[in-house]
Amino acid sequence: MESIAQLLQLIPKYDVLPALVRASLPMLVSAIVIFALLSLVVLFLVWLERKVSAHMQDRLGPMYVGGWHGWAQTIADAIKLLLKEDIVPELADRVLFKMAPFIVFLGAFAAFVVIPFGASSIVSDLNIGVLYILAIGSLAVVGIMMAGWASNSKYSLYGGMRSVAQIVSYEIPAAIAIMTVVILAGSLSMQDIVNAQKGGIQRWFLFRNPFTFLAFFVYFIASLAEVNRTPFDIPEAESELVAGYHTEYSGMRFAFFFLAEYANMIVVAGVATTLFLGGWTQVLPGTVAGQLVPGPIMFFLKVMALIFVQMWLRWSLPRLRVDQLMYLCWKVLLPASFILVAGAGWLAVYWK
Amino acid sequence: MQVEYSGDVMTLNMGPQHPSTHGVLRLELKTDGEVVAEAIPHIGYLHRCFEKHAENIDYPGVVPFTDRMDYCAAMNMELGYVLAVEKLMGIQVNNRVRCIRIIMAELNRIASHLIAAGTYGNDMGSFTPFLWCFRDRETILDVFEETCGARLLYNYNWIGGLMFDVKPGFEKKVIDFIDYFEPQVDNLNTLLSNNFIFIKRTANVGIMTPEVALSYGVTGPNLRASGVKFDVRKNEPYLGYEEFDFDVPVGLGEHGPVGSCWDRYMVRIREIKESCKIIRQAVAKMTPGDVQESIPKRIKPPAGEVYMRTECPRGELGYYIVSDGSPKPYRVKVKSPCFTVMSAFREISRGAMIADIVAILGSVDIVLGEVDR
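Residues numbered from 1 in each chain as written. Chains lettered and ligands numbered in written order. Predicted model: local features only at pLDDT ≥ 70, side-chain atom pairs only at ≥ 80, totals over all residues.

A. Looking closely at the overall build of chain B. Along the backbone of chain B there are 14 helices and eight strands. In terms of overall size, chain B behaves like a compact globule, its C-alpha atoms giving a radius of gyration of 21 Å where 373 residues would be expected to give roughly 21 Å. Each of the three principal axes of chain B carries a C-alpha extent, and together these read 85 × 45 × 35 Å. With 373 residues in all, chain B has 51% of them scored as buried. Summarising the internal contacts of chain B: among those between residues at least 6 apart in sequence, 72% fall at separations of at least 24. (Helix = DSSP H or I, 4+ residues; strand = E, 2+ residues; numbered from the N terminus. Rg over C-alpha atoms; globule rule 2.2 N^0.38 Å. Buried ≥ 20, exposed ≤ 12 C-beta atoms within 10 Å, placed from the backbone. Contact = placed C-beta atoms within 7 Å.)

B. View of the sheet that holds strand 1 (residues 10–14) of chain B. Residues and elements named next belong to chain B. Pairing in this open sheet of three strands is antiparallel, and the strands run 1-2-3 from one edge to the other. Of all the strands in the sheet, just strand 1 and strand 3 (35–42) have a single pairing partner and so form its edges. This sheet shows a mean twist of 20° between the axes of neighbouring strands, independent of strand direction. With seven bridges connecting them, strand 2 (residues 26–32) and strand 3 associate as antiparallel partners. Bridged to glutamate 28 within strand 3 is isoleucine 40. Of the strands in this sheet, strand 2 and strand 3 are in contact with helix 13 (residues 354–364), which crosses strand 2 at around 150°. (Pairing = 2+ DSSP bridges. Axes fitted to C-alpha atoms, helices over the stretch in contact; angles between N-to-C directions.)

C. Structural view of helix 12 (residues 251–276) of chain A. Residue and element names in this part refer to chain A. Its 26 residues give helix 12 an end-to-end C-alpha distance of 37 Å, which sits within 8% of 38 Å, the value for a rise of 1.5 Å per residue. Counting buried positions along helix 12 yields 22 of 26 residues, so the element is predominantly enclosed. Where helix 12 terminates, the next one or two residues include glycine 278, which has phi positive at roughly 80°. (Expected span 1.5 Å × (residues − 1).)

D. Spotlight on the domain arrangement of chain A. Residues and elements named next belong to chain A. When the domains of chain A are assigned, the result is domain 1 (1–83) and domain 2 (89–350). Of note, the centres of domain 1 and domain 2, computed from C-alpha atoms alone, are 20 Å apart. The interface is formed by 16 residues belonging to domain 1 together with 16 residues belonging to domain 2. Every element with two or more residues in the side of domain 1 that touches domain 2 is listed here: helix 2 (19–56) and helix 3 (73–83). Considering each element in turn, the side of domain 1 that touches domain 2 owes the most residues, 11 residues, to helix 2. Its residues assigned to classes, the side of domain 1 that touches domain 2 shows 12 nonpolar, three polar and one charged. (Domains from an automatic or database assignment. Nonpolar A, V, L, I, M, F, W, Y, C, P; charged D, E, K, R; others polar.)

E. Spotlight on the nonpolar core. Residues Ala272 of chain A together with Ile357 of chain B are the most contacted members of the largest nonpolar core, which totals 197 residues. The biggest single contributor to this core is helix 12 of chain A, with 16 residues. Composition of this core by domain shows at least three residues from each of domain 1 (1–83) and domain 2 (89–350) of chain A. When sequence neighbours within four positions are dropped, the list of residues in contact with isoleucine 357 of chain B reads Leu27, Leu29, Val36, Ala39, Ser349 and Ala352 of chain B. In this structure, Leu157, Met161, Leu241 and Val242 of chain A belong to the second largest nonpolar core, which totals six residues. (Core = buried A, V, L, I, M, F, W, Y, C linked by C-beta atoms within 7 Å.)

F. Representation of the interface of chain B and chain A. Listed as interface residues are 27 residues of chain B and, on the opposing side, 23 residues of chain A. Taken together, the elements giving at least two residues each to the side of chain B that touches chain A come down to strand 1, helix 4 (95–123), helix 5 (128–148), helix 7 (196–202) and helix 13 of chain B.

G. Layout of the pairing of strand 7 (residues 315–323) of chain B. Residues and elements named next belong to chain B. Both strand 6 (residues 304–312) and strand 7 contribute to a ladder of nine bridges, which runs antiparallel. The residue bridging threonine 310 from the neighbouring strand is leucine 317, located in strand 7. In sequence, strand 6 turns back onto strand 7 through a hairpin of two residues. Bridge count for strand 7 against strand 8 (residues 331–335) is five bridges, and the pairing is antiparallel. When the sheet's bridge partners are listed, tyrosine 320 is paired in strand 8 with lysine 333.

H. Main features of the environment of isoleucine 136 of chain A. All names here are of chain A. Relative to the helices and strands, isoleucine 136 is located in helix 5 (residues 129–137). The partly exposed category is assigned to isoleucine 136, around which 19 C-beta atoms lie within 10 Å. The spatial distance from the C-alpha of isoleucine 136 to the C-alpha of glycine 107 is 5.6 Å, given a sequence separation of 29 residues. In contact with isoleucine 136, other than residues within four places in its own chain, are Gly107, Ala110 and Ala111.

Structure (structure tokens):
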């Protein structure tokens, strides 16, 4: 955000603007930039997901719109969603129903504030960045419950209930797995955590010690559950609950749920990259490629790799049942993450 | 303020329009949270008065109607009817007709089981097996299309013979498909059948004990999954099935009790392999001949009644036909395998969770066209 503020200085008569405007303009500009980038990446991801799934299933996927491999298919879909009628069910709670998708999206969108895309590309390097991510991630729960309740549909209610139970539960092992990294880095700031991993692949927290190595997998599994991806897509289980909490939504409001789902995928992949895979730092800093690839591109590639794994899992695994999901969280992942934190702490103290 | 827990049940209407009721079935679920206290099936949304229609059409005219009962296994549906009328009239068909009928019926059984396995994967949240199964089913439908012009509802088996003889190159096409297809079954097992999550979801769910299965009159793969080795093709052979060498797979309960959803699913997968064996033998047994030589000029069975049962993919399909000597049947009664298993649904789904209801419903593999007729 500092660089944006510096750029804004170039606007003529910027200094004579009221202080409030001067304070809020950089925020507004960075929000718009992130929203635009996010929308673009999400459009790409939706296309990618359709292609990945298609090739796994012996299909071709979108092939026509736009020419080359149907690259414009998701743009066409987005325009279609924009033009669709905005239906609110008759007996729905109108205010909550209309608000819910934006709150869900807000939770995903606000998390981008502290994700470091590059050495200087971060909206705000909060000194409690990790805490902020965990806190803002819980905001979506409110929106999902609102959507499930306000739709006045039993399937939506079930979906909302399942989703809230799932997200609230899985936040705990995810947060505790993150703590292993915080112990090693000694900071809650995302940028500090990335800087602690500078110097190539062997410096990544993933490979730094066995406890963080396992913590990465705990976090990855828990994050899959947080973003409702298969095998944890129980809230949206098509074969059971039609579409879960967004059954009754259409048009732009549905698009916002969709956008939030993919934005969340990017957030959890981004957090995993930042915490365990060295963030924007180079994989092989000594080589030529390591010199040439800019930090944000490196970050993007790592995030894409993780998202590809998410897609891969989604199209090969069946779905767990709701009690098995809870069993996995409370009886497997949570004790495992406790052990990992204790182990990482022990290593950090006694075996530098 | 004091809140009292009332223990109310919430009624959830699953269907008639729902992604996983496999047609227009309505399940009335009495739910307490995620647990379903009772699942009451309501059928009849696809009732098309088949049996009443049949009383007003001549005997050959009924055949296309039988197609529309179990549209996933139309060859087997018409085969049962045709055999019943042939039994009533005392018609003997030649070897070529029998072999082609067996090949068609078994290919159709594979296609039907592929739908069952694929949609079951879809019910369990795994979408890829669904498309793999449909990809392989396409080849079977291509063979059918080449032979009789239709891909789903064939009207191929006629009373006393077949609509057309097979095209040249049919045998090679079938054998090529079987050669390609048999390894694909193993791929499906790797992807879905032996998947840890899939086993967890299905192996202890919807147990149908042999006693329950027999007392409700459940037949076919659902009965065999409960460990009862009964197959009409073996126990009461028709079309010369006694000359073929094949096994009758039964539920072994590798992962949990016998008669679970996994067993029902797995019995179908194993039956696919047995069908492949039968098809190979039937192709080898084919002899030249005229497939229409025993079609009677006038189909007017003598007065009397007949019951003929065949093994269709979903179980034992029985046709009870009463003739009064006129060109139209006096009565056609169908003993439907899906209907009988639907009656056992309430019993085996008691106390399951919502996700289990989907698992159980998918595993018994019903086709509503046949349940309602």
